[in-house]
Amino acid sequence: RCNADTRGELCNRSEGKVLVLATVHDTFEEAVEERSYLVSFETLELALAFRRRVCLDNARDLPVSVEYMDRDAVDVIDRSGRVLANVIKVVGMSSPLVGVLWDVKLWIEGLGFSGSDLICDELLHRFNGWTPAILPTRMTDATIAMDHHVAMTVGEFGGGEMDRCLARMTTFQKEEGSAKVVVHQCEGKREEDSLTAFRFVAAPAFRTWCVGEGVQGISVDYALPKNGGGAPLLDGGDGVATPIKRMRYSHFGCNVVHEDIAYALGVDTHKAKYALKKEVEQQCHGKLPAEHGHGTEYVAPKATQERWKRMDPLNVMNPGIGGLNSNPRYQE
């Protein structure tokens, strides 16, 4: 899998068509020191300029992570993601308790009684306001004042990487103005965990928000060209309804964007999803889907289908993906 790129060796973007038996070795060097920041911007154009001039200036001192969130993403997370985020803050991201509680939620949703699939999210939405805000007050104020935000962690690996990256950030803020670019450094591990948890709960918070507000939603991911990043038009044209909420959050460095889009009940969300796909691919020169694959919903390019057939000629591995049929040997 390589985001939206379906070319290369057979194992690239195999989407379940090959079984890999291997050990996993995390060879990414650990930083000697790390610092985390919430950087808020007046416009998306400023955020994209920050990515070019600060984050991706050169390949030697890239940030450890760069995650983008827009206004709707921040609003939905704060309105419906506090319970989960606060649990993560207390027990830690890697705690087994998080997985256990999530499995309990899935078990309740699968019980089969009327409303069982919604009750957990309804309760999470209802009691959200009873729990503390996820971010420190000064960062929360920045998310209210600004519409675009980047959670960035910078690492020092012994070659001055951190100092160079932070110097570029300081220069960028001076050149663009502190009223348009607001920088907050996390003070201690607790605030770092808060910022990480805030971004982590974006997807589940969207489901909770939709259930709690009584609306429906779609979730997509797509990759944009490395020098792109602007939001595809979603203006209600071509008979597609205008969304109620449009969460955009992304892995900012590699330009893979997640969109969670809420519509009123009764809207044809399938039509809306494919209208967005058309806009991403034809106008923005991107690819949808990207990170999460074609699955059984999207039709893969013909060349990709042929690659999958070569690696799985019997069609026993993940049959039916990417527009292929589910029959043995792909028989019609």
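Residues numbered from 1 in each chain as written. Predicted model: local features only at pLDDT ≥ 70, side-chain atom pairs only at ≥ 80, totals over all residues. Heavy atoms only, no water.

Take the overall build of the protein chain next. Scanning the protein chain for helices and strands turns up eleven helices and seven strands. The C-alpha radius of gyration of the protein chain comes to 21 Å, within 12% of the 20 Å expected for a compact globule of 332 residues. Across its three principal axes, the protein chain shows a C-alpha extent of roughly 65 × 50 × 45 Å. Among the 332 residues that make up the protein chain, the fraction classed as buried is 45%. (Helix = DSSP H or I, 4+ residues; strand = E, 2+ residues; numbered from the N terminus. Rg over C-alpha atoms; globule rule 2.2 N^0.38 Å. Buried < 20%, exposed > 50% of the residue type's maximum accessible area, 1.4 Å probe, protein only.)

One pass over the structure, following the stated rule, counts one cavity of 30 Å³ or more. The calculated volume of the largest cavity comes to roughly 50 Å³. Lining the largest cavity we find Leu44, Leu48, Tyr68, Leu224, Gly229, Arg248, Ser250, Phe252, Asn255 and Val257. Secondary-structure elements contributing two or more residues to the lining of the largest cavity are α1 (44–55) and β6 (245–251). (1 Å grid on protein atoms, 1.4 Å probe; cavity = no way out; pocket = protein on both sides within 12 Å on 5 of 7 lines; lining within 4 Å. Points joined across faces, edges and corners; volume = space filled by probe spheres on them.)

Reading across the sheet, the seven strands line up as β4-β1-β3-β2-β6-β7-β5 and stay open at both edges, with antiparallel pairing between neighbours. Lying at the two open borders of the sheet, with one neighbouring strand each, are β4 (181–185) and β5 (216–223). The average angle at which neighbouring strand axes cross in this sheet is 15°, direction not considered. When strand β2 (residues 65–70) meets β6, the two strands line up antiparallel, connected through three bridges. Residue pairing across strands places Tyr68 opposite Ser250, the latter belonging to β6. The strands touched by helix α2 (residues 71–80) within the sheet are β2, β3 (148–156) and β6, with β6 carrying the most contacts at an inclination of about 100°. Where helix α6 (residues 137–145) meets the sheet, its contacts fall on β1 (33–41), β3 and β4, and the angle it forms with β4 comes to roughly 160°. (Pairing = 2+ DSSP bridges. Axes fitted to C-alpha atoms, helices over the stretch in contact; angles between N-to-C directions. Contact = heavy atoms within 4.5 Å.)

We now examine helix α4 (residues 96–109). Structural remark: α-helix, 3.6 residues per turn; residues separated by three or four positions point the same way. Look at α4: 20 Å from first C-alpha to last across 14 residues, which is about the 20 Å you get at 1.5 Å a residue. Within α4 the residues assigned to the buried category are Val98, Lys105 and Glu109. Each buried residue of α4 sits inside an arc of 40° when the element is viewed along its axis, so together they form one side. What points out from α4, more than 90 degrees from its buried face, is the exposed set Pro96 and Trp107. Residues of α4 that are buried make contact with α3 (82–91), α5 (119–126) and α9 (202–213). (Expected span 1.5 Å × (residues − 1). Arc of directions from axis to C-beta.)

Once that is clear, we can look at the side chain of Gln305. Looking at the secondary structure, you find Gln305 in helix α11 (residues 302–311). Owing to a relative accessible area of 9%, Gln305 belongs among the buried residues under this scheme. Once residues lying within four places of it in the same chain are set aside, the contact partners of Gln305 are Val299, Ala300, Gly322, Gly323 and Leu324.

Glancing now at a negative patch on the surface. On the surface, a cluster of negative charge is made up of Asp26, Glu29, Glu30 and Glu34. By the secondary structure assignment, Glu29 is in the segment before β1. For Glu29, a relative accessible area of 48% puts it in the partly exposed group. (Patch = residues over 30% accessible without salt bridge, like charges linked within 9 Å, V, L, I, M, F, W, Y side chains within 5 Å. Areas by Shrake-Rupley, 256 points an atom, 1.4 Å probe, with all protein chains shown as cover. Salt bridge = Lys/Arg side-chain N within 4 Å of Asp/Glu carboxyl O. Lys, Arg positive; Asp, Glu negative; His and termini not counted. Charge placed at Lys NZ, Arg CZ, Asp CG, Glu CD.)

This part is about the packing of aromatic side chains. With the rule as written, the count across this model stands at six aromatic pairs. On the numbers, 6.0 Å between centres and 85° between planes, the contact of Phe28 with Phe157 is edge-to-face. With Phe28 in the segment before β1 and Phe157 in the loop between β3 and α7 (161–176), the pair connects residues that are 129 residues apart, well separated along the chain. Judged by its relative accessible area of 58%, Phe28 is exposed. Aromatic side chains Phe41 and Phe50 sit 5.1 Å apart centroid to centroid with 55° between the ring planes, which places their arrangement in the tilted category. (Phe/Tyr/Trp six-rings, centres within 6.5 Å; stacked < 30°, edge-to-face > 60°.)

These results come straight from atomic positions and should not be treated as a statement about function.
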